[in-house]
Amino acid sequence: MIRRPPRSTQGVSSAASDVYKRQREGRWGRVAHAASKQSLRVYGLQVAPPIGVEALCEEIAKDCGERLTLLAAAGAPPIADVARASGLDLRSGRIVIGPEGDFTDEELKAMIAAGARPVGLGSLRLRVETAAISALAAVSALAEEKGA
C-alpha cells in the first residue's frame, strides 16, 4: 500500500490525520481477517502497513525470484496470463493496486524495474477497492486451478 494523504484529510492537522490513518489501517486488517475466516481459508489475508514507492521497490527487488509481485496497470496483459507464466507460488505473492488517480509514470517504471509484473484487470477503469477485490479473486481462482 502506498502512503499518500487521501483528499479527505488534506488540511487536517497531522495528529488527526495520523489517527484517521491508524483507524483506516485497523479497519482493513479487520475486514481481511473476517473475510479469511468466512471463506474458510487456511492462510489469512495480510494487509501491510502503508509504505512509500521507494521502500516498496526495495521489497520487490529483494524477493523478486521467490515472490510474485503483480502490479495493476492499464493496458497490461491479463492477470491470468502473467500469473500462469510466472511459475511462482501465487499464495505468497503481492498485489499492488494504485491509489486514486493511479501511480505516476515514474512510480510505475520504478516498480517494474524492481521486478513487479504489470497486469491488466479488464477493459473497465475500476475503483481502488474494486480493483483489489478483482485482482484477489483472479489470483485465488488461479491458485485453486493449480491445486494450491
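The structure under discussion appears in the preceding block.
Keep in mind the model is a prediction, meaning the values are calculated, not measured.

Draft legend 1. Expanded view of the overall build of the chain. Secondary structure summary: the chain contains 5 helices and 3 strands in total. Reading the chain from its N end, one meets helices and strands in the order α-α-β-α-β-α-β-α. A burial count over the chain gives 30% of its 148 residues as buried. Nonlocal contacts in the chain, meaning residues at least 24 apart in sequence, comprise 77% of its contacts between residues at least 6 apart. When the accessible area of the chain is evaluated, it comes to approximately 9,700 Å², of which 55% is carbon and sulfur surface.

Draft legend 2. Focus on unusual backbone geometry. For Asp-102, which is not glycine, the phi torsion reads 75 degrees and is therefore positive. Mapped onto the elements, Asp-102 comes out in the loop between strand E2 (94-96) and helix H4 (105-114). Classification of Asp-102 by relative accessible area gives partly exposed; the value is 33%.

Draft legend 3. Local environment of the environment of Gly-115. With respect to the secondary-structure elements, Gly-115 resides in the loop between H4 and strand E3 (117-119). We classify Gly-115 as buried; its relative accessible area is 18%. Placed 46 residues apart in sequence, Gly-115 and Thr-69 show a C-alpha to C-alpha distance of 7.3 Å. Those residues in contact with Gly-115, other than ones at most four positions away along the chain, are Ile-60 and Cys-64.

Draft legend 4. Focus on the pairing of strand E1 (residues 69-72). Because side chains alternate across E1, one face comprises the buried residues Thr-69 and Leu-71, and the other comprises Leu-70 and Ala-72, equally buried. Summarising the sheet, E1 and E2 pair through 3 bridges and their orientation is parallel. Bridge pairing in E2 places Leu-71 opposite Val-96. Handedness of the crossover joining E1 and E2 through helix H3 (residues 79-86): right-handed. Bridging between E1 and E3 involves 3 bridges; their strand directions are parallel.

Draft legend 5. Focus on the side chain of Thr-69. Along the chain, Thr-69 falls in strand E1. Beyond its immediate sequence surroundings of up to four residues, Thr-69 is in contact with Ile-60, Arg-94, Val-96, Ala-116 and Arg-117.

Draft legend 6. Just the pattern of salt bridges, in detail. In total, this model carries 4 salt bridges according to the counting rule given. When the shortest N-O distance is used, the salt bridge between Glu-59 and Arg-94 registers 3.6 Å. With Glu-59 in helix H2 (residues 53-62) and Arg-94 in strand E2, the pair connects residues that are 35 residues apart, well separated along the chain. The partly exposed category is assigned to Glu-59, whose relative accessible area is 33%. We note a salt bridge from Glu-129 to Arg-127, for which the minimum N-O separation is 3.6 Å. For Arg-127, a relative accessible area of 61% puts it in the exposed group. Overlapping salt bridges bring together Glu-59, Asp-63, Arg-67 and Arg-94 as one network.

Criteria and cut-off values
Residues numbered from 1 in each chain as written. Predicted model: local features only at pLDDT ≥ 70, side-chain atom pairs only at ≥ 80, totals over all residues. Heavy atoms only, no water. Helix = DSSP H or I, 4+ residues; strand = E, 2+ residues; numbered from the N terminus. Buried < 20%, exposed > 50% of the residue type's maximum accessible area, 1.4 Å probe, protein only. Contact = heavy atoms within 4.5 Å. Areas by Shrake-Rupley, 256 points an atom, 1.4 Å probe, with all protein chains shown as cover. Pairing = 2+ DSSP bridges. Right-handed = clockwise from strand over helix to strand, strands pointing away. Salt bridge = Lys/Arg side-chain N within 4 Å of Asp/Glu carboxyl O.

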